[in-house]
Amino acid sequence: MTARPYVLLSCAMSIDGYIDDASTQRLLLSNDSDLDRVDEVRAACDAILVGAATVRRDDPRLLVRSEGRRADRVARGLPPSPVKVTVTASGDLDPGARFFTFGDGLKLVYCPSGVVEKTREQVGEVATVVDGGEPVTPAAVVDDLAARGVRRLMVEGGGSLHCQFLTAGLADELHLVVAPFFVGDCRAPRFVGDGRFPWHPGRRARVVEVRQIGDVVLTRYALSDRCDGA
């Protein structure tokens, strides 16, 4: 049986826990130095996962930005950037989104059995559509990624996907960056929603690092025994 990938969750939020505001413009929570840190983390992973809502709202490229890090990956026999992965419940994805059009690497789209045909009609020419079962679960996704050789998975959100991985107990490490301002709007999305989490007052997550990066603060949490803090 193939071991599941090491799962690292990455998120930036405001002081009051929001990962965006309620406007149509993307809210910048990080800074250049922290974005470079995220790029370094990406370069060390085999795959990057975001939810379909993030693909639609933020239109991310999900590529390693640093030329040096891309070259290092290629020298190690890897593609320049990790495999890109998304999960959709509806199959409503734009094949012109940067998730699909930027980078020559593998793109994987997991969807429920009932919308596989629709999803393939939408993005089957620009990505590999995978039947994730009914419904798609984080466990099914990581099992399939493991079978494809993914050993280290970075989950970049959004909040619903983070919540699913956390409540399923499938996260090994969390990188949480806090920006020095408030959003103060309950219409905006938060880091996670309601759920039964394995970490609670009786079982605290272990802090392995706290680091100031310019005007933001990174806290790294070990969420399983697989995280050694290195």
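Source: prediction; values computed, not measured. (Residues numbered from 1 in each chain as written. Predicted model: local features only at pLDDT ≥ 70, side-chain atom pairs only at ≥ 80, totals over all residues. Heavy atoms only, no water.)

A. Summary view of helix α1 (residues 32-43). Counted at 1.5 Å a residue, the expected span for α1 with its twelve residues is 16 Å, and the 16 Å between its end C-alpha atoms agrees. All buried positions along α1 are accounted for by D34, R37, V38, D39, V41, R42 and A43. Looking at where α1 begins, the residue whose side-chain oxygen comes 3.2 Å from the main-chain nitrogen of S33 is N31. (Helix = DSSP H or I, 4+ residues; strand = E, 2+ residues; numbered from the N terminus. Expected span 1.5 Å × (residues − 1). Buried < 20%, exposed > 50% of the residue type's maximum accessible area, 1.4 Å probe, protein only. Polar contact = N/O pair within 3.5 Å; in protein donor to acceptor, adjacent residues only side chain to side chain.)

B. Representation of the packing of aromatic side chains in the model. Enumeration according to the criterion identifies one aromatic pair in this entry. A ring pair is formed by F99 and F100, whose centres lie 4.9 Å apart and whose planes are at 75 degrees; its orientation type is edge-to-face. The exposure class of F99 is buried, given its relative accessible area of 0%. Look at F100 and you get buried, because its relative accessible area is 4%. The ring of F99 carries the charged tip of K84 above its face, separated from the ring centre by 5.5 Å. (Phe/Tyr/Trp six-rings, centres within 6.5 Å; stacked < 30°, edge-to-face > 60°. Lys NZ or Arg CZ within 6 Å of the ring centre and 35° of its normal.)

C. Inspection of the side chain of D172 at higher detail. Within the element layout of this structure, D172 appears in the loop between α7 (159-167) and β7 (173-178). A polar contact is formed between the side chain of D172 and the backbone nitrogen of V7, at a distance of 2.8 Å.

D. Focus on a nonpolar patch on the surface. Judged by side-chain polarity, V207, V210 and V217 come together as a nonpolar surface patch covering roughly 240 Å² of accessible area. Tracing the chain through its elements places V210 in strand β8 (residues 206-213). (Patch = residues over 30% accessible without salt bridge, like charges linked within 9 Å, V, L, I, M, F, W, Y side chains within 5 Å. Areas by Shrake-Rupley, 256 points an atom, 1.4 Å probe, with all protein chains shown as cover. Salt bridge = Lys/Arg side-chain N within 4 Å of Asp/Glu carboxyl O.)

E. View of the side chain of R69. Note that R69 resides in helix α3 (residues 67-75). Engagement of the side chain of R69 in a polar contact is seen with the side chain of D36, the distance being 3.0 Å.

F. Representation of the sheet that holds strand β6 (residues 152-155). Strand order in the open sheet made by the nine strands is β5-β4-β3-β2-β6-β1-β7-β9-β8, with mixed pairing throughout. Two strands bound the open sheet, and with one partner strand each, they are β5 (128-131) and β8. Taken pair by pair, the neighbouring strands of this sheet meet at an average axis angle of 20 degrees, ignoring direction. Strand direction decides the pairing type here: strand β1 (residues 6-13) and β6, joined by four bridges, are parallel. (Pairing = 2+ DSSP bridges. Axes fitted to C-alpha atoms, helices over the stretch in contact; angles between N-to-C directions.)

G. How the structure looks around the pairing of β8. Here β8 runs beside strand β9 (residues 216-222); their pairing, made up of seven bridges, is antiparallel. Following the sheet pairing, Q212 is matched in β9 by V217. Where β8 hands over to β9, the hairpin turn is made up of two residues, of which G214 adopts a positive phi near 60 degrees.

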